[in-house]
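Fold and geometry: a report
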Amino acid sequence: MSTTETTLTGRVVRPGDSDYAAASAGWNLLYSHRPAVVVFAQETRDVVNALAWARHNGLPVRARSGRHSLEGWNAVDDGVVIDVSELKSATIDADARTATVGAGLNQMEAVTALGAAGFAAPTGTEGTVGLVGATLGGGFGGGRHPDSRRRCRGSRGRRTEQRRSALGVARCRQRQL
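Residues numbered from 1 in each chain as written. Predicted model: local features only at pLDDT ≥ 70, side-chain atom pairs only at ≥ 80, totals over all residues. Heavy atoms only, no water.

Regarding the overall build of the protein
As a reminder, the rule being used: In this description a helix means any DSSP run of H or I spanning at least four residues, a strand means any run of E spanning at least two, and both kinds are numbered starting from the N terminus. Think of it in three bands: residues with accessible area under 20% of the maximum for their type are buried, residues over 50% are exposed, and the middle band is partly exposed, with areas taken using a 1.4 Å probe on protein chains only. In this analysis, two residues are considered to be in contact whenever any of their non-hydrogen atoms come within 4.5 Å of each other. All accessible areas in this document rest on Shrake-Rupley with a 1.4 Å probe, and a residue is counted as covered only by the protein chains that are shown.
Check the secondary structure of the protein and you find five helices and six strands. N-terminal to C-terminal, the α/β element order of the protein is β-α-β-α-β-β-β-β-α-α-α. Going through the 177 residues of the protein one by one, you find that 35% of them count as buried. For the protein, contacts bridging at least 24 residues in sequence account for 48% of all contacts bridging at least 6. Just so you have it, the protein exposes about 10,200 Å², and 51% of that area is on carbon and sulfur atoms.

Remarks on the nonpolar core
Formally: Remark: nonpolar core denotes a set of buried residues (Ala, Val, Leu, Ile, Met, Phe, Trp, Tyr, Cys) joined through side-chain atoms within 4.5 Å.
Residues L8, V37, V39, V47, V80 and I82 are the most contacted members of the largest nonpolar core, which totals 13 residues. Among the elements of the structure, β2 (37-40), α2 (44-57) and β4 (80-83) are those that each provide at least two residues to this core. No other element matches α2, which puts five residues into this core. Ignoring anything within four residues of it in the chain, the contact list for V37 reads L8, V12, V13, R14, W53, G79, V80 and V81. Grouped together as the second largest cluster of nonpolar side chains are seven residues, Y20, A23, F40 and A75 included.

Digging into unusual backbone geometry
Positioned with a positive phi, D78 is a non-glycine residue whose angle comes to about 55°. Mapped onto the secondary structure, D78 falls in the loop between β3 (61-64) and β4. Its relative accessible area of 54% is what places D78 among the exposed residues. Within the chain, R97 stands out as a residue other than glycine whose phi angle is a positive 60°.

What to know about empty space enclosed by the protein
If a probe as big as a water molecule is rolled over the atoms, it shows which places are left empty. Filter applied, for reference: Buriedness for pockets is judged along seven lines, at least five of which must meet protein on both sides within 12 Å for an open set on the 1 Å grid over protein atoms alone, while cavities are sets there where a 1.4 Å probe fits but cannot get out, and lining residues have an atom within 4 Å of a point. Grid points are joined across faces, edges and corners, and a volume is the space filled by probe spheres set on the points.
Using the criterion set out here, one finds one cavity of 30 Å³ or more in the structure. Taken as a whole, the largest cavity holds about 30 Å³ of empty space. Looking at the largest cavity, the residues that line it are S24, A25, G26, Y31, S32, H33, N74 and A75.

Digging into the pairing of strand β5 (residues 90-93)
Here is the rule we go by: Two strands pair if DSSP finds at least two bridges between them.
In this sheet, strand β6 (residues 98-101) lies alongside β5 in antiparallel orientation, the contact comprising four bridges. Bridging from a neighbouring strand, A90 pairs with V101 of β6. The turn linking β5 back onto β6 is made up of four residues, and R97 within it adopts a positive phi angle of 60°.

Things to note about the environment of V47
Counting through the fold element by element, V47 comes out in helix α2. Spatially, the C-alpha atom of V47 lies 6.7 Å from that of I82, the residues being 35 residues apart in sequence.

Things to note about the packing of aromatic side chains
As a reminder of what qualifies: Pairing of aromatic side chains here covers Phe, Tyr and the six-membered ring of Trp, requires ring centres within 6.5 Å, and sorts the geometry by plane angle: under 30 degrees stacked, over 60 edge-to-face, intermediate tilted. Geometrically, a charge over a ring is one whose NZ (Lys) or CZ (Arg) sits within 6 Å of the ring centre while staying within 35 degrees of the ring normal.
On inspection of all chains with the given rule, the structure shows zero aromatic pairs. For R11, the ring lying beneath its charged end belongs to F40, and the centroid distance is 3.9 Å.

Looking at the pattern of salt bridges
As a reminder of what qualifies: Any carboxyl oxygen of Asp or Glu that lies within 4 Å of a side-chain nitrogen of Lys or Arg is treated as forming a salt bridge with it.
The final tally for this structure, using the stated rule, is four salt bridges. Where R11 meets D19, a salt bridge forms, and the shortest distance between an N and an O atom there is 3.3 Å. The class of R11 is partly exposed, set by a relative accessible area of 32%. Two residues, E109 and K88, come together in a salt bridge whose shortest N-O distance is 2.8 Å. Of the two residues, E109 sits in helix α3 (residues 107-116) while K88 sits in the loop between β4 and β5, which places them 21 residues apart along the sequence. Residue classification places K88 among the partly exposed residues on the basis of a relative accessible area of 43%. Salt bridges sharing common partners tie together R11, D19 and E86.

Function cannot be read off these values alone, since they describe shape.
Structure (structure tokens):
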């Protein structure tokens, strides 16, 4: 592995940093974890680097976007938390009736951006939930759902065309907004 692949990039927070408690906290405060590092991705490459770094160091990984995990699955003790909440973007092509959104948007931010362009999308009732978890299967991931078709559909899947991930797991296409 090259040095680049095993270097953490993005906003990296470790135990002892002044913002570690806030960075490692999840939505459900009944569960607390002490990750070895929290990486707030600023771009896709940060996610790739964090995965390579974790693999190189033999550490478990958790990915999160909105920190909403009732069971506390959005963090891990002595592992790497990859937080995509700072990957916020929304590009809407009204003619093609498609939207490209960053993994860090929460549902309220997505609905607001779509509404400003005259579109709507079905989401949940809690605006602070990360959009990517709901879009990719409720945050449980494609491999855990017994209905393999949900791997592409997610809970919002009839409207999802294409998903790119650093792992290259899901490839689906959006038909229209």
